[in-house]
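# Coordinate inspection notes
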Amino acid sequence: MNICVLDGYALNPGDLSWSELIQIGEIAIYDRTPEELIVERAVNAEIVLTNKTPLSRGTLDCLPKLKYIGVLATGFDVVDIQAAKERGIVVTNIPAYGTESVAQMVFALILEHCNHVQRHSDAVMDGQWGKNPDWCFWNYAC
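I will try to describe carefully the structure that is included in this document.

Basis of the calculations
- Residues numbered from 1 in each chain as written.
- Predicted model: local features only at pLDDT ≥ 70, side-chain atom pairs only at ≥ 80, totals over all residues.
- Heavy atoms only, no water.
- Pairing = 2+ DSSP bridges.
- Helix = DSSP H or I, 4+ residues; strand = E, 2+ residues; numbered from the N terminus.
- Axes fitted to C-alpha atoms, helices over the stretch in contact; angles between N-to-C directions.
- Buried < 20%, exposed > 50% of the residue type's maximum accessible area, 1.4 Å probe, protein only.
- Salt bridge = Lys/Arg side-chain N within 4 Å of Asp/Glu carboxyl O.
- Phe/Tyr/Trp six-rings, centres within 6.5 Å; stacked < 30°, edge-to-face > 60°.
- Right-handed = clockwise from strand over helix to strand, strands pointing away.
- Parallel < 35°, antiparallel > 145°, perpendicular 65-115°, else oblique.
- Contact = heavy atoms within 4.5 Å.
- Nonpolar A, V, L, I, M, F, W, Y, C, P; charged D, E, K, R; others polar.

### Overview of the sheet that holds strand β1 (residues 2-5)
Taken together, the five strands give an open sheet; going across it, the order is β2-β1-β3-β4-β5, and neighbouring strands pair in parallel fashion. Only two strands of the sheet have a single partner each, and these edge strands are β2 (26-29) and β5 (90-92). The mean angle between the axes of side-by-side strands here comes to 15°, regardless of whether they run parallel or antiparallel. Sheet topology note: the strand β4 (residues 68-71)/β5 ladder contains three bridges and is parallel. Following the sheet pairing, Y68 is matched in β5 by V90.

Here you go:
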């Protein structure tokens, strides 16, 4: 089985192993793939994994062996779904991979909005607290 990872850096910037995929078949992993190289890199692939590398109708028409597209993200707007369906290519995504980290980021942004943590940190690093005549320091209006 030939597997092509078109933009593996988004999934694995070096801290994970591709060993499970290597056991399935021949694998070519590219950090990023510009549009003009998609067909060249994936022409023999039966499986293509992508994150943001687009797979248009025209591109899919040039990939005759393709059976499966795995989108390594929650969406799948980078794939022409209708063209894939017409060619019998299965397309999946990862619908819930960031649930906890998204919630964490929401709370971080709420706290930043309410407490101005970054603004305070920047001001302290700039020496403004040290120059302040009072022990209490903030540089924003409540």
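Structure's up, so let's keep going.
### A short note on the environment of E40
If you trace the backbone, E40 turns up in helix α2 (residues 38-42). E40 gets classed as exposed once you look at its relative accessible area, which sits at 61%. C-alpha separation for the pair E40 and A123, spaced 83 residues apart in sequence, amounts to 51 Å.

### Here we look at the pattern of salt bridges
Enumeration over the complete set of coordinates arrives at two salt bridges. Two residues, E46 and K67, come together in a salt bridge whose shortest N-O distance is 3.6 Å. Note that E46 is positioned in the loop between α2 and β3 (47-50) and K67 in the loop between α3 (57-61) and β4, a separation of 21 residues in sequence. Put simply, E86 and R57 hold a salt bridge, and the shortest N to O gap is 2.8 Å. Of this pair, E86 sits in helix α4 (residues 81-86) while R57 sits in helix α3, and the two are 29 residues apart along the sequence.

### Digging into the packing of aromatic side chains
Aromatic ring pairs: the centre-centre distance and the angle between the two ring planes describe each pair. Tallied over the entire structure, the rule returns one aromatic pair. Taking 6.2 Å as the distance between ring centres and 15° as the angle between the ring planes, the aromatic pair formed by W129 and F137 counts as stacked. Under the relative-accessibility criterion, W129 is labelled partly exposed at 34%. For F137, a relative accessible area of 12% translates into the label buried.

### Some thoughts on the pairing of β4
Examined bridge by bridge, β3 and β4 share four bridges and lie parallel to one another. Bridging across to β4, I47 finds its partner in Y68. The β-α-β motif built from β4, the intervening α4 and the parallel element β5 has right-handed crossover chirality.

### Side note on the packing of helix α5 (residues 99-115) against helix α6 (residues 117-125)
For the pair α5 and α6, the least separation of the axes is 6 Å and the interaxial angle reads 60°. Between α5 and α6, the angle is such that the two are oblique. Contact residues: α5 offers L111, E112 and N115, while α6 offers V117, Q118 and R119. For the contact of α5 with α6, the residue count by class is two nonpolar, two polar and two charged.

### Considerations on the side chain of N12
Considering the arrangement of structural elements, one finds N12 in the loop between β1 and α1 (19-24). Given a relative accessible area of 7%, N12 falls into the buried group. What N12 contacts, discounting residues up to four positions off in sequence, is S17 and W18.

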